[in-house]
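Working through the structure, step by step
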Amino acid sequence: MITTLAAGKLYTVAVAGYILGLDMATASFFVIGLPKGVAYEYCGNLVPCRGDGSVIYLFHLKRDQLCVWLRRMGEHGAGEWVLRDTISLHETCGHLVEHGLAPAAGHTGLASVVGVGDNAEFVFLELKPVACSSTWI
């Protein structure tokens, strides 16, 4: 799991299906719900990322789609999740995936997020081999 520090708060995705936060100034925990339709499936399919002091991002991998979500965090609570971008891994990285092998054991996706940059400037992916091109559907 990747943990993110932003504006004095730690964020990590919980297997139970939410983001667990720790406000270090008050030593209190809080929970942030995931965007509608987003779920934890395996380690690396959901990764938080810090933005500026008032924003966090969430990278979500589902099959061949990488979705980047944004949520504004303010003094008076948090805003709603907003989908910022959707990227097709098939279109952008399909030529890099070796065909003819099965996905790694325990993984349902084609990739895992292994690193992110502040303000969602970049993402490092670990690509998995797939059984055949029909898996990209």
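Because the structure is a prediction, the values reported are computed rather than measured. (Residues numbered from 1 in each chain as written. Predicted model: local features only at pLDDT ≥ 70, side-chain atom pairs only at ≥ 80, totals over all residues. Heavy atoms only, no water.)

It is worth spelling out unusual backbone geometry at this point. Trans is the prevailing form of peptide bonds, just as negative phi is the prevailing case for residues other than glycine. Phi is positive for Arg-63, which is not a glycine, with a value near 55°. Looking at where Arg-63 falls in the secondary structure, it is placed in the loop between strand 6 (55–62) and strand 7 (65–74). Although it is not a glycine, Asn-119 sits at a positive phi angle of roughly 60°. Tracing the backbone through its elements, the reader meets Asn-119 in the loop between strand 10 (111–116) and strand 11 (123–127). (Helix = DSSP H or I, 4+ residues; strand = E, 2+ residues; numbered from the N terminus.)

Our focus in this paragraph is the sheet that holds strand 4 (residues 28–33). On the basis of which strands lie adjacent, the open sheet formed by 4 strands has the order 1-2-3-4 and antiparallel pairing. Looking at the sheet topology across the chains shown, the edges are occupied by strand 1 (3–6) and strand 4. Neighbour to neighbour, the strand axes of the sheet diverge by 25° on average, direction disregarded. Relative to strand 4, strand 3 (residues 18–23) is paired through 6 bridges, and the arrangement is antiparallel. Residue pairing in the sheet places Leu-22 in a bridge with Phe-29 of strand 4. (Pairing = 2+ DSSP bridges. Axes fitted to C-alpha atoms, helices over the stretch in contact; angles between N-to-C directions.)

Let us now look at the side chain of Asp-23. Residue position: Asp-23 is located in strand 3. Of the side chains with opposite charge, Lys-9 lies nearest to the buried Asp-23, which makes no salt bridge, at 4.3 Å. Looking at Asp-23, its side chain comes within polar contact range of the main-chain nitrogen of Ala-25, at 3.0 Å. With near-sequence residues (within four places) excluded, Asp-23 lies in contact with Gly-8, Lys-9, Ser-28 and Phe-30. (Buried < 20%, exposed > 50% of the residue type's maximum accessible area, 1.4 Å probe, protein only. Lys, Arg positive; Asp, Glu negative; His and termini not counted. Salt bridge = Lys/Arg side-chain N within 4 Å of Asp/Glu carboxyl O. Polar contact = N/O pair within 3.5 Å; in protein donor to acceptor, adjacent residues only side chain to side chain. Contact = heavy atoms within 4.5 Å.)

Now for the side chain of Asn-45. Take Asn-45: it is sitting in the loop between strand 4 and strand 5 (46–50). The class for Asn-45 is buried, based on a relative accessible area of 0%. Side-chain polar atoms of Asn-45 contact the backbone nitrogen of Glu-41, separated by 3.0 Å.

Summed over the entire model, instances satisfying the criterion amount to 2 aromatic pairs. Relative to Phe-30, the ring of Tyr-11 has its centre 5.8 Å away and its plane inclined at 80°; by these criteria the two rings are edge-to-face. Placement of the pair is Tyr-11 in strand 2 (residues 9–14) and Phe-30 in strand 4, with a sequence separation of 19 residues. Given a relative accessible area of 22%, Phe-30 falls into the partly exposed group. (Phe/Tyr/Trp six-rings, centres within 6.5 Å; stacked < 30°, edge-to-face > 60°.)

Residues shown with low pLDDT carry predicted positions that ought not to be read at fine detail. When pLDDT is averaged along the chain, the result is 81, and 78% of the positions lie at 70 or above. Confidence, expressed as mean pLDDT per element, reaches its minimum in the chain at strand 8 (residues 77–78) with 65 and its maximum at strand 9 (residues 82–88) with 94. Scored below 50 in pLDDT, residues 100–104 makes 11 contacts in the model with residues more than four places away or belonging to other chains. Contacts from residues 131–137, a stretch scored under 50 in pLDDT, to residues over four places away or in other chains number 17 contacts. (pLDDT = per-residue confidence, 0-100.)

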